[in-house]
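# Inside the fold
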Amino acid sequence: MCNSAILERVRSYEKCNVPKTVGEKPVFHFSVPTGWMNDPNGFSYFCGTYHLFFQYNPYSTEWGPMHWGHCTTKDFVHWEILPCAMAPDAFFDNEGCFSGTAVESGGKHVLLYTGVQGKTDGNGKPYTVQNQCVAFGDGVNYEKYKGNPVISSSMLPEGSSVIDFRDPKIWKEGDGFRALVGSKAQDGSGQLALFSSRNAIEWKFEKIIDRCKNEYGRMWECPDFFALDGRQILIVSPQFMEADGEEFHAGNNTIYFVGDWDEKEAVWKRDKPHLLDAGLDFYAAQTVLAADGRRIMIGWLQNWDNHILPDGQTWSGIMTVPRELKVAGGRLLQTPVRELEACRQNRISYFCVPVGGKTKKTLLNGVAGRIFDMTLTVKNTRCGTFAVYVAADETHFTKIVFDMEKNTLGVDRSRSGLRKDFITDRTFRLPEVRESLQLRVLFDKYALEVFANDGETALSLLVYTPLEADRIYFTADTETAMDVEKSDIAV
């Protein structure tokens, strides 16, 4: 049963509108049921199923009153859309149910999220405050705690912002819970506040465990905090970063720190930051601990400053393919979930194919399409540039470029058919110089993800070239050789 007329109206709207766009959507990437989608929320394991919630405006292709959309999966590839889980229908979240996370506890699914409450000051001027709220459910229906909010901005250190206090990460620790929430300090820089609770309802402030000191952006959104391979990982999405060196770009980034966590003393020590995804469209990553022990991450395949939406499209929002995470050499490695391999069809392989020299473009029979999984290995990485062109026809293409001398990998969609002045290219220096380059390229109609050297680097971007543009070809400044394996993906 729904707990409000507002939520009932959303669910009725979904029944009528979700089926209308099914054929337009990507095949193996989760996309919004209808309307608008941004941050992944509540990525969790509950009663034998993986649940993914998401920031959601069902009524428009623009950001608006935030709901929590809902879907589930058994294998991170096949997704079932469930009815909308939460709507902004209470006094403590009347301006939106913002991002949060979830855990299973005592047979209940516990959602901790940011409630945005609209208020009016003594002069009649409207303003909002952000607090943390809790809801309990059975995997389909959720009831908000009547005593919300359970974590208020008044619990923060003096001078902290009441407007920027959001995106709680909840986890079970010992006999209770802890939560990490992003906020702003008195100097306007991001900070991470730690809270603890016995029952997910009564919370107390513990301490500020980290501050960005305006060094890496300002507000740190969407924190995720977890143990992996003997280390502790912190993922945050900084707003308003300035470009820094060859790794961090201007605007909204998603970065991570590898460090160590003393849970008893609540002491966090981190190494230097790294960019999580070097592409054009990636934000607000969130992870879940899988039943088999893997740490799985998913992100929003979009960018706040770069909202690409083709004319006439009635939906906006795609998630990345879920990725398995590992730690090696002080960095995160990311690879698409292994379950995707079972969906490969029509595999075709080529070995030691010459590229470059007198041949301007190398095309291979059977290597084409817009829904595929392709791995290629470039044998000699000591000369010139090597490029892969996808979604190509006579006038359009998107290219992935490896500069062998500079050891950089980049993407360029300037010729993808864009008709507005969007960000079109980005280049990232690879962590190591190698004798060969391995690229794994996933393409799903409009979603393009590139993984270099077994996941050392990932690049994600949207390409809305007409689907008829499906050629793939390769170029190089000087002659080199490559191996190629390409499969279609069917789910």
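The following paragraphs examine the structure supplied in this document.

### Re the sheet that holds strand S31 (residues 457-462)
Taken together, six strands build an open sheet; the order of strands is S23-S33-S24-S29-S30-S31 and the sheet is antiparallel. Unpaired on one side and paired on the other, strand S23 (344-355) and S31 mark the two borders of the sheet. Within the sheet, the average angular offset between the axes of one strand and its neighbour, ignoring direction, is 15 degrees. Where strand S30 (residues 447-452) and S31 come together, six bridges link them in antiparallel fashion.

### With respect to the pattern of salt bridges
Pairs can form between side chains of opposite charge once their charged atoms are near each other. Counted according to the given criterion, the structure contains 27 salt bridges. Its salt-bridge partner being arginine 294, residue glutamate 339 comes within 2.6 Å of it at the nearest N-O pair. Of this pair, glutamate 339 sits in the loop between strand S22 (331-336) and S23 while arginine 294 sits in the loop between strand S18 (283-289) and strand S19 (295-300); the two residues are 45 residues apart in sequence, bridging distant segments of the chain. On the basis of relative accessible area, glutamate 339 is assigned to the partly exposed category, the value being 21%. A salt bridge links glutamate 324 to arginine 338; the shortest N-O distance between them is 2.7 Å. Here the residue glutamate 324 occupies a position in strand S21 (residues 323-328), and arginine 338 occupies one in the loop between S22 and S23, the gap between them amounting to 14 residues. You can call arginine 338 partly exposed: its relative accessible area is 43%. Residues joined in a network through salt bridges with shared partners are Asp292, Arg294, Glu324, Arg338 and Glu339.

### What to know about the environment of glycine 139
Mapped onto the secondary structure, glycine 139 falls in the loop between strand S7 (126-137) and strand S8 (142-144). Overall, the relative accessible area of 6% leaves glycine 139 in the buried class. Sequence separation between glycine 139 and glutamate 104 is 35 residues, and the spatial gap between their C-alpha atoms is 10.0 Å. Sequence-distant contacts of glycine 139, that is, excluding residues within four places in its chain, are made with Phe46, His51, His70 and Leu82.

### Considering the nonpolar core
Soluble globular proteins tend to pack their nonpolar side chains together in the buried interior. Judged by nonpolar contacts, the single largest core of 55 residues is most densely connected at Met374, Phe386, Val388 and Phe474. Leaving out residues up to four positions away in the same chain, valine 388 has contacts with Met374, Leu376, Thr398, Lys399, Ile400, Leu439, Ile472, Tyr473 and Phe474.

### Some words on the packing of aromatic side chains
Under the definition given, this model contains 29 aromatic pairs. Relative to phenylalanine 195, the ring of phenylalanine 165 lies with its centre 6.2 Å away and its plane at 50 degrees, an arrangement referred to as tilted. Taken together, the positions of phenylalanine 165 in strand S9 (residues 165-173) and phenylalanine 195 in strand S11 (residues 190-197) put the pair 30 residues apart, joining distant regions of the chain. A residue is classified by how much of its surface remains accessible, and phenylalanine 165, at 0% relative accessible area, is buried. Judged by relative accessible area, phenylalanine 195 falls into the buried class, the value being 0%. In textbook terms, an aromatic cluster arises when at least three aromatic residues are bridged by ring pairs, as seen for Phe30, Phe54, Tyr56 and Trp79. When the ring centre of tryptophan 315 is taken as origin, the NZ or CZ atom of lysine 25, which lies over that ring, is 5.3 Å away. A cation over a ring is seen here: arginine 270 above phenylalanine 257, with NZ or CZ 4.3 Å from the ring centre.

Each value, and the rule that gives it
Residues numbered from 1 in each chain as written. Predicted model: local features only at pLDDT ≥ 70, side-chain atom pairs only at ≥ 80, totals over all residues. Heavy atoms only, no water. Pairing = 2+ DSSP bridges. Helix = DSSP H or I, 4+ residues; strand = E, 2+ residues; numbered from the N terminus. Axes fitted to C-alpha atoms, helices over the stretch in contact; angles between N-to-C directions. Salt bridge = Lys/Arg side-chain N within 4 Å of Asp/Glu carboxyl O. Buried < 20%, exposed > 50% of the residue type's maximum accessible area, 1.4 Å probe, protein only. Contact = heavy atoms within 4.5 Å. Core = buried A, V, L, I, M, F, W, Y, C linked by side-chain atoms within 4.5 Å. Phe/Tyr/Trp six-rings, centres within 6.5 Å; stacked < 30°, edge-to-face > 60°. Lys NZ or Arg CZ within 6 Å of the ring centre and 35° of its normal.

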